[in-house]
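Spelled out, the chains give:
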Amino acid sequence: MALLAATFVLEPGARTELRLLAGGSAALAVVVAMRRHRPSDRVSWRMLVAAVGLSALGGTAYAAPGSYPELLRPLGTVLLVAAYPALAAVLLVFIRRHTAKDRAAQFDALTLTSGVALLVWSFLLGPHLYDGSLRVILFPLGDLLCLGVLTRLLLSTGRTVTAGNLLGFGLVLMLIADLGYEISAFAGNVEIVADLGRFALYTAAGLAAIHPSMVELTRPGPPPSDELTPARLALLGVASMVAPAVLLTRMFIDGELPDLTVVALLSALTFLLVLGRMAGIMASHRLALARERALRQASAELVSAADTDAVNAAVRTAVTHLLPEDTPHGVVLAVTIAQDGPLGPEAAQQAIQDRRSGTTARLVATREVDWAVSVRLNQFPTTLRCPLVLTDRPTGDPLVGVLHVAAPSDALPGLRRSVEALAGQVALALERIGLSQEVIRRNSENYFRTLIQNTADVILIVDDEHGIRYASPSATATFGQDPTGMRLAQLIESAGNDDVRALRTGVLLETDSRDLRHDPTVAGTVITLRDVTERRRLERELTHQAFHDAMTGLPNRVLFHDRLRHALARAARDGSIVGVLFIDLDDFKIVNDTYGHAAGDQLLISVAHRLAGALRADDTAARLGGDEFAALVENVHDAGAVEETAQRILREFAPPIVTEDGTTLRAVASIGITTTPEAGSADELLRQADLALYVAKGAGKNQWRRYEKRLHDAMVERLELRSALDHAVHEGQFLLFYQPIVDLATDETAGFEALVRWHHPVRGVVAPDEFLEVAEESGLIVPMGRWVIEQALHTVAQWRRIMPREREIYVSVNVSPRQFRDPGFADQILQLLSYAGVPPQALMLELAENVLADDNSPVWPDLSVLRAQGVRVAIDDLGTGYSSLGYLGHRPIDVVKIDKAFIDDMVDDPRQTESIAGILQLAKSLDLVVIAEGIETERHRELLARMDCPLGQGYLFSSPVDGTEALGTMSGTHPLVA
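None of the values given here were measured: they were computed from a predicted structure. (Residues numbered from 1 in each chain as written. Predicted model: local features only at pLDDT ≥ 70, side-chain atom pairs only at ≥ 80, totals over all residues. Heavy atoms only, no water.)

### Side note on the overall build of the protein
Here is step 1 of the chain: For the protein, the count of helices and strands is 34 helices and 24 strands.
Here is step 2 of the chain: Of all 978 residues assigned to the protein, the portion counted as buried reaches 45%.
Here is step 3 of the chain: Residue pairs in contact within the protein that sit at least 24 positions apart in sequence constitute 67% of those at least 6 positions apart. (Helix = DSSP H or I, 4+ residues; strand = E, 2+ residues; numbered from the N terminus. Buried < 20%, exposed > 50% of the residue type's maximum accessible area, 1.4 Å probe, protein only. Contact = heavy atoms within 4.5 Å.)

Following this line, the structure appears as structure tokens:
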């Protein structure tokens, strides 16, 4: 080609042939090179042959001698102009095949081209736009097109490709020659400059095709870099300064301004391109920061990963963050495992390539990866494959695994470096996990070896001929000798020491046999002998504890229910009768409170022994809990036998029980009885026995009662009453009536006793005797009592506002000891007094006489607090038990009320009169006020007044009335008694 160029310059007459010969030589070199190097894509090289041919033919036709120029020059111009797009198309194919999508390179190429275009316009085309031919105008445009595409190719090539550099160098020479020709054309149309440029292009095309690196131009290259290198930054700076440089040059050299319209447009285009490039750099920076954060997070997760699954999860999370948001992708982490037998040819070749390449990611077709991976990523055509390689791996094989990332093709090239960094971290994490597991496995082996050497179990490994190949050290202590090498039967028969005889007769052994003959680490049958004597004893003991009471040793509630169900099943088969007895100790709480829980426990144990002694062998005694016992009587044919059993139990309980400290106790019990004629199920029997026990306790101590249907009906009625009473408390169905307390000397009203009545919506007004007991049992007496006190204080407050101040009317309210169990009862009373606005002296609380003898009752502390504030306290129905009179001087009380029974009999029985006189004398000595209840006749009044009884109440004065009538009675001028 150099020879042809020299001849072309020296021999002007042979230039036509030399143009064709130079172009043909270049085309032939490209064709020969394609056959020799066999590039993966030949289309681009064939296009290069076509472009060279167009240039050679166009140059020949354009410069044809003789009479042909007028005919061939237009054709030559067309062919020459067409050669430029053809060359640009060749470069575009190389860009498409060798480089990925690179917006940064596109912006940089357009920026440079825009700057050069401004120079060309300002100094070449603009001043001579209308002076030259069309060819002179089209050539610069073609040069700009080729310059832009060439710049794009060179900027996107990640590493040096000799063939590309040769082709680019030749194209640059041609562009320079064109520029020289175009400049000289306006001066003198010197075509030889352009022809020499084409010779340079032909030479470069042939050299590029002949060089072995020509195949690289059609293979995918490394991913593009968004990094703004100093050279590219200088390029952008120079391109940006073209416009002001042109303006300054034209002004100082030519003394005139160029066409500002074109300058402004190209300057604006250059500025916008630079801005676009900066925006791309910022976006790339943000993406790089996001990927850096993702890699840091993945590194932290991989450091803490304990197994391969955790590593896999961390990798998937990292890849999701490395890709742009909502980008579809797939991830497969394939870990290398040991495999029996050789690998296939393709797998072996791929493994060799992976080990050589290290953690270098490669873009491959998804169909080319392993079949097990490709089936999971087949929705994507391209996969980024990155081996996990550790060169200094202790096991020797550097390949840990392969990371596959599949995504849309345009998203993978920019992900390569991040995936390579991630792959390095994953390889280290997998290696760390593998080494940790190996350490754990070795430690486990040492641990279990130590256990076997020191275990009390006998471990034998027996071969196929029943020979003992291995025996743990404990076998020597058990059999008296090392059984290794003996037959299993021989060992058992020859064992004659005392330990083995004891092992045979007095010890329970658990034998376990495992066939591990196919396990290469054992290769035999493993027999384990374990002494389970103590475990069986403990199991029996725990079973006994689960079904028996720990204190008394009797069956507990669970075992009693089980035996009851079995007894009912037998009774259904043979027609016998089953009886259930519930036994509850009376006053057991007093024993605990008086003598202590130790004495109470001894009492329960003695009761359990006596209960068991009172039953037959077929019967069952049980402790249900606390002081509750039960007895199951079966295999009888008469219900009377069950009643006789209850009688025997009470007789057995009758003798006193002496505790270890000498305390004498008595076991007094109540018994409830039921039998199968009354019920057929266990639950029904238990319910009936409980109901009968309730009735027995109500009948008094040391009693038994048998279930009767009427008891059930009475209980149902009581439950209905309780439900209705609960509704009444919440719905406010109670009324308060007031009965006056009269000064017997003046007949003036001193106060009133508040009496509650239940206004039942169906039964009408219900007297207290019908519901107070139920209210006491259910606890409803607490809210009901609070309502009574609140209403009574509200009423007395109204009276005091209306009556003269000197009339200090008070109201007396009955309270139950149950109310004092409510925490803060005394504070509640004081709050109600404050809320009603009455002094404490306006309230008197009445308690039943039976509380006097209870030293531990919570009543007395609260009453002491209330009395200290001014509330008075009265004892109601005094005289029903003389034993309580001795407590009057020791309790915080102010008033005693003589029971109506004394008043009724005092006229006919002088002894009752003497009793009342004694009470009045005792009260006077204790500074207590006396109120006589139930005064119904004038004779009663006269006798009481004669004995100096200060106050009284009864129907002689007034029946209970509502608050308004009571106020009218106090406001009237007539006395209560005419």
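### A closer look at the sheet that holds strand S7 (residues 509-516)
Here is step 1 of the chain: As summarised here, the arrangement of the 4 strands in space is S6-S5-S8-S7, forming an open sheet in which the pairing is antiparallel. Looking at strand neighbours, the two that pair on one side only are strand S6 (468-471) and S7, the edges of this open sheet. Sheet twist, expressed as the average angle between the axes of neighbouring strands with direction ignored, equals 20°.
Here is step 2 of the chain: In this sheet, S6 lies alongside strand S5 (residues 458-462) in antiparallel orientation, the contact comprising 3 bridges. (Pairing = 2+ DSSP bridges. Axes fitted to C-alpha atoms, helices over the stretch in contact; angles between N-to-C directions.)

### As for the packing of aromatic side chains
Here is step 1 of the chain: Scanning all chains against the criterion turns up 7 aromatic pairs.
Here is step 2 of the chain: Consider the rings of Phe734 and Trp758, whose centres lie 6.4 Å apart with planes at 40°: the pair is tilted. Of this pair, Phe734 sits in strand S16 (residues 734-743) while Trp758 is found in strand S17 (residues 749-760), placing the two residues 24 residues apart along the sequence.
Here is step 3 of the chain: Classification of Phe734 by relative accessible area gives buried; the value is 6%.
Here is step 4 of the chain: Through successive ring pairs, a cluster of aromatic residues spans Phe8, Phe199 and Tyr202.
Here is step 5 of the chain: Against the face of Tyr810 rests Arg872, its NZ or CZ located 4.1 Å from the ring centre. (Phe/Tyr/Trp six-rings, centres within 6.5 Å; stacked < 30°, edge-to-face > 60°. Lys NZ or Arg CZ within 6 Å of the ring centre and 35° of its normal.)

### A word on the packing of helix H1 (residues 2-10) against helix H8 (residues 192-210)
Here is step 1 of the chain: It is the contact of H1 with H8, at a shortest axis distance of 10 Å, that shows an interaxial angle of 170°. For the element pair H1 / H8, the angle class is roughly antiparallel. Seen from H1, the contacting residues are Leu4, Ala5, Phe8 and Val9; seen from H8, they are Ile192, Asp195, Leu196 and Phe199.
Here is step 2 of the chain: Here the residues of the contact of H1 with H8 are counted per class, giving 7 nonpolar, no polar and 1 charged. (Parallel < 35°, antiparallel > 145°, perpendicular 65-115°, else oblique. Nonpolar A, V, L, I, M, F, W, Y, C, P; charged D, E, K, R; others polar.)

### A look at unusual backbone geometry
Here is step 1 of the chain: The phi dihedral of Asp326 falls on the positive side, at around 65°, and the residue is not glycine.
Here is step 2 of the chain: By the secondary structure assignment, Asp326 is in the loop between helix H12 (308-322) and strand S1 (330-335).
Here is step 3 of the chain: The exposed category is assigned to Asp326, whose relative accessible area is 72%.

### A few points about the confidence of the model for the protein
Low-pLDDT portions of the prediction should not be read for the details of their coordinates.
Here is step 1 of the chain: Averaged over the protein, the pLDDT score is 80; the fraction of residues at 70 or greater is 81%.
Here is step 2 of the chain: Per-element averaging of pLDDT across the protein places helix H18 (residues 498-505) at the bottom with 50 and strand S24 (residues 951-952) at the top with 94.
Here is step 3 of the chain: Low pLDDT, under 50, characterises residues 973-978; the stretch is placed with 11 contacts to residues that sit more than four places away or in other chains. (pLDDT = per-residue confidence, 0-100.)

### Here we look at helix H29 (residues 825-836)
Here is step 1 of the chain: With 12 residues, H29 ought to run about 16 Å at 1.5 Å a step, and its terminal C-alpha atoms sit 17 Å apart, in line with that.
Here is step 2 of the chain: Among the residues of H29, those classed as buried are Phe825, Ala826, Gln828, Ile829, Leu832, Leu833 and Ala836. Relative to the axis of H29, the buried residues are bounded by an arc of 160° and lie together on one face. For H29, the exposed residues lying more than 90 degrees away from the buried face are Gln831, Ser834 and Tyr835.
Here is step 3 of the chain: Looking one or two residues past H29, Gly837 carries a phi angle of roughly 80°, positive in sign. (Expected span 1.5 Å × (residues − 1). Arc of directions from axis to C-beta.)

### A short note on the environment of Ile176
Here is step 1 of the chain: Summarising the element assignment, Ile176 is placed in helix H7 (residues 162-187).
Here is step 2 of the chain: For Ile176, a relative accessible area of 52% corresponds to the exposed category.
Here is step 3 of the chain: Along the sequence, Ile176 and Gly197 sit 21 residues apart, while their C-alpha atoms lie 7.4 Å from each other.

### A look at the packing of helix H27 (residues 781-802) against helix H34 (residues 963-971)
Packed helices, taken two at a time, are described by the angle their axes make and the gap between the axes.
Here is step 1 of the chain: It is at 11 Å that the axes of H27 and H34 come closest, and there the two elements cross at 30°. Looking at the two axes, H27 sits roughly parallel to H34. Between H27 and H34 the crossing geometry is right-handed. Residue-level contacts link Thr795, Trp799 and Ile802 of H27 to Gly963, Ala966, Leu967 and Met970 of H34.
Here is step 2 of the chain: Considering only residue class, the contact of H27 with H34 consists of 5 nonpolar, 2 polar and no charged. (Left-handed = near helix turned anticlockwise from the far one by under 90°.)

### Concerning helix H21 (residues 588-595)
Here is step 1 of the chain: Buried residues of H21: Phe588, Val591 and Asn592, and no others. Down the axis of H21, the buried side of the element spans an arc of 95°, and every buried residue falls inside it. H21 presents Lys589, Asp593 and Thr594 as exposed residues on the side facing more than 90 degrees away from its buried surface.
Here is step 2 of the chain: Next to the buried residues of H21 lie strand S9 (577-585), helix H22 (597-614) and strand S13 (664-665).
Here is step 3 of the chain: Directly after H21, the chain includes Gly596, whose backbone phi takes a positive value near 100°.

### Details of the pairing of S9
Here is step 1 of the chain: Burial of S9 is extensive: 9 of the 9 residues sit out of reach of the surface.
Here is step 2 of the chain: Where S9 lies against strand S11 (residues 628-636), 7 bridges are found, and the strand directions are antiparallel. Bridge pairing in S11 places Ile583 opposite Phe629.

### A short note on the side chain of His404
Here is step 1 of the chain: Examined against the element boundaries, His404 turns out to sit in strand S4 (residues 399-406).
Here is step 2 of the chain: The exposure class assigned to His404 is buried, which follows from its relative accessible area of 0%.
Here is step 3 of the chain: In terms of polar contacts, His404 uses its side chain to reach the side chain of Arg385, at 2.9 Å. (Polar contact = N/O pair within 3.5 Å; in protein donor to acceptor, adjacent residues only side chain to side chain.)

### Re the pattern of salt bridges
Here is step 1 of the chain: Using the criterion set out here, one finds 27 salt bridges in the structure.
Here is step 2 of the chain: With a closest N to O distance of 2.9 Å, Arg530 and Asp457 form a salt bridge. Here the residue Arg530 occupies a position in strand S8 (residues 524-531), and Asp457 occupies one in the loop between helix H15 (416-454) and S5, the gap between them amounting to 73 residues.
Here is step 3 of the chain: Here Asp584 and Lys697 are joined by a salt bridge, their closest N and O atoms 2.9 Å apart. With Asp584 in strand S9 and Lys697 in helix H24 (residues 682-699), the pair connects residues that are 113 residues apart, well separated along the chain.
Here is step 4 of the chain: Judged by its relative accessible area of 10%, Asp584 is buried.
Here is step 5 of the chain: Three or more residues are tied together by salt bridges with common partners; here these are Asp457, Glu510, Arg530, Arg535, Arg536 and Glu539. (Salt bridge = Lys/Arg side-chain N within 4 Å of Asp/Glu carboxyl O.)

### Side note on the environment of Leu403
Here is step 1 of the chain: Tracing the backbone shows Leu403 in strand S4.
Here is step 2 of the chain: Since its relative accessible area comes to 0%, Leu403 is described here as buried.
Here is step 3 of the chain: Spatially, the C-alpha atom of Leu403 lies 6.3 Å from that of Ala334, the residues being 69 residues apart in sequence.
Here is step 4 of the chain: Every residue in contact with Leu403, bar those within four places of it in the chain, is listed here: Val315, Val331, Val332, Leu333, Leu384, Arg385, Cys386, Leu388, Val419 and Leu422.

### Comments concerning the pairing of strand S23 (residues 929-932)
Here is step 1 of the chain: Bridge count for strand S22 (residues 895-898) against S23 is 4 bridges, and the pairing is parallel. The partner of Val895 across the bridge, within S23, is Val929.
Here is step 2 of the chain: Two strands pair when backbone bridges link them, and S23 and S24 are joined in this way by 2 bridges, in the parallel orientation. The residue bridging Ile931 from the neighbouring strand is Leu951, located in S24.
Here is step 3 of the chain: Regarding topology, helix H33 (residues 938-946) serves as the crossover connection from S23 to the parallel S24, and that connection is right-handed. (Right-handed = clockwise from strand over helix to strand, strands pointing away.)

### Digging into the sheet that holds S1
Sheet strands associate in pairs through backbone hydrogen bonding, adopting either a parallel or an antiparallel arrangement.
Here is step 1 of the chain: Read across the open sheet, the 4 strands follow the order S1-S4-S3-S2; overall the sheet is antiparallel. Strands with a single pairing partner mark the edges of an open sheet, and in this sheet they are S1 and strand S2 (362-365). Across the sheet, the mean angle from the axis of one strand to that of its neighbour is 25°, orientation sign disregarded.
Here is step 2 of the chain: Where strand S3 (residues 382-389) meets S4, 7 bridges bridge the pair, whose relative direction is antiparallel. Of the residues in S4, the one forming a bridge with Leu388 is Gly401.

### So, the environment of Gly414
Here is step 1 of the chain: Tracing the sequence through the fold places Gly414 in the loop between S4 and H15.
Here is step 2 of the chain: Between the alpha carbons of Gly414 and Leu323 there is a distance of 9.3 Å; along the sequence they are 91 residues apart.

### A short note on a nonpolar patch on the surface
Here is step 1 of the chain: Taken together, the side chains of Phe169, Val172, Leu173 and Ile176 present a nonpolar region at the surface, about 350 Å² in accessible area.
Here is step 2 of the chain: Position of Phe169 among the secondary structure elements: in helix H7. (Patch = residues over 30% accessible without salt bridge, like charges linked within 9 Å, V, L, I, M, F, W, Y side chains within 5 Å. Areas by Shrake-Rupley, 256 points an atom, 1.4 Å probe, with all protein chains shown as cover.)

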